[in-house]
Each structure stands twice: as structure tokens, then as C-alpha cells.
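# Structural overview
Letter by letter, the chains look like this.
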Amino acid sequence: MGTFLATWEDEENNRNIQFSVDYRTENSNVEIVNVTPVKISFTCPETNTCVRSMGVHTETGRRQLAQRFLSSDKIVELKQQISARTATLTAV
């Protein structure tokens with residue numbers, strides 16, 4: 001099992017969310033075991049700059065953000081990134 005740090009740009013809500021993602025690979029397939037939101041950065045919609053950042057400290061907040069991320073189409077992209085990273089690490 002491995003851990004991958006990822007950032008998801010939640011454009012709809014003008015925020016970037018940093019996650020710690022626990023995963024496992026088997027026969028080049030990536031299985032997401034756990035997604036833990038760590039930090040939220042709120043961005044200005046006009047300038048796309050960070051206005052404020054804060055940690056995610058409550059279980060409810062973690063669960064809601066993780067569910068929102070897992071239901072987005074970005075989960076496929078994340079699996080591809082992990083797969084590419086794993087392939088690179090095993091090739092070295």
C-alpha cells in the first residue's frame with residue numbers, strides 16, 4: 001500500500017483541496033483505499049489567487065469533502081497519476 005498527495009481544484013466552489021490518498025496496486029490496477037482531505041485553500045474567482053487556507057479538522061468535514069471528490073470525474077485522473085508514478089518507481 002502507498003500514499004499519494006493530491007490537490008483537487010473544486011472550481012465550482014472556488015477552492016483547492018489537498019488530500020492524502022492511500023492506495024493499493026495489483027496487476028497495474030489502482031484501488032483507492034482511503035481519501036483524507038488535509039487542507040482547503042479558498043481562491044478569488046477573479047484573480048485565481050489564494051485568499052485563505054485552513055486545515056480540515058472535523059470528521060464530518062473530511063467525509064463530505066472526500067465524498068465530493070470521489071464522486072467527481074477527477075478520480076479517474078488521480079488513478080492514472082498514481083499508476084504512472086508507480087510505473088516510474090518500479091522502473092527505476
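An account of the accompanying structure is given in this report.

Cut-offs applied
Each chain carries its own residue numbering, running from 1 in the written order of its sequence. In keeping with the predicted nature of the model, local features appear solely for residues at pLDDT of at least 70, side-chain atom pairs appear and are counted solely at 80 or more, and the whole-chain, interface and lining totals rest on all residues. Water and hydrogen atoms play no part in the side-chain values, which are based on all heavy atoms of the structure. Pairing between strands is defined by DSSP: at least two bridges between the two strands are required. Secondary structure elements are defined from DSSP: runs of H or I of at least 4 residues count as helices, runs of E of at least 2 residues count as strands, and each element is numbered from the N terminus. Think of each axis as a best-fit line through the C-alpha atoms, taken over the contacting stretch in the case of a helix, with angles from 0 to 180 degrees between the N-to-C directions. The contact criterion used is simple: two residues touch if any of their non-hydrogen atoms lie within 4.5 Å. One fewer than the residue count of a helix, multiplied by 1.5 Å, yields its expected span. For every residue, the accessible area (1.4 Å probe, protein chains only) is compared with the maximum for its type, and the residue is labelled buried under 20%, exposed over 50%, or partly exposed between those bounds. It is the directions from the helix axis to the C-beta atoms that the arc portrays.

Bringing the sheet that holds strand β4 (residues 50-55) into the picture now. Pairing is antiparallel in the open sheet, where 4 strands are placed in the order β1-β2-β3-β4. This sheet does not close on itself; its edge strands, each paired only once, are β1 (2-10) and β4. On average, adjacent strands in this sheet sit at an angle of 35 degrees to one another, irrespective of strand direction. Sheet analysis places strand β2 (residues 15-26) next to strand β3 (residues 29-43), joined by 12 bridges and oriented antiparallel. Considered in β3, the bridge of D22 is made with N34. Strand contacts of helix α1 (residues 59-70): β1, β2 and β3, with the helix running at about 115 degrees to β3, the strand carrying the most contacts.

To continue, consider α1. Taking 1.5 Å of rise per residue, the 12 residues of α1 would be expected to cover 16 Å, and the 16 Å separating its terminal C-alpha atoms lies within 8% of that figure. Turning to α1, its buried residues are G61, L65, A66 and F69. Down the axis of α1, the buried set is contained in an arc of 125 degrees. They therefore lie on one face. More than 90 degrees from the buried face of α1, the exposed residues found are E59 and Q64.

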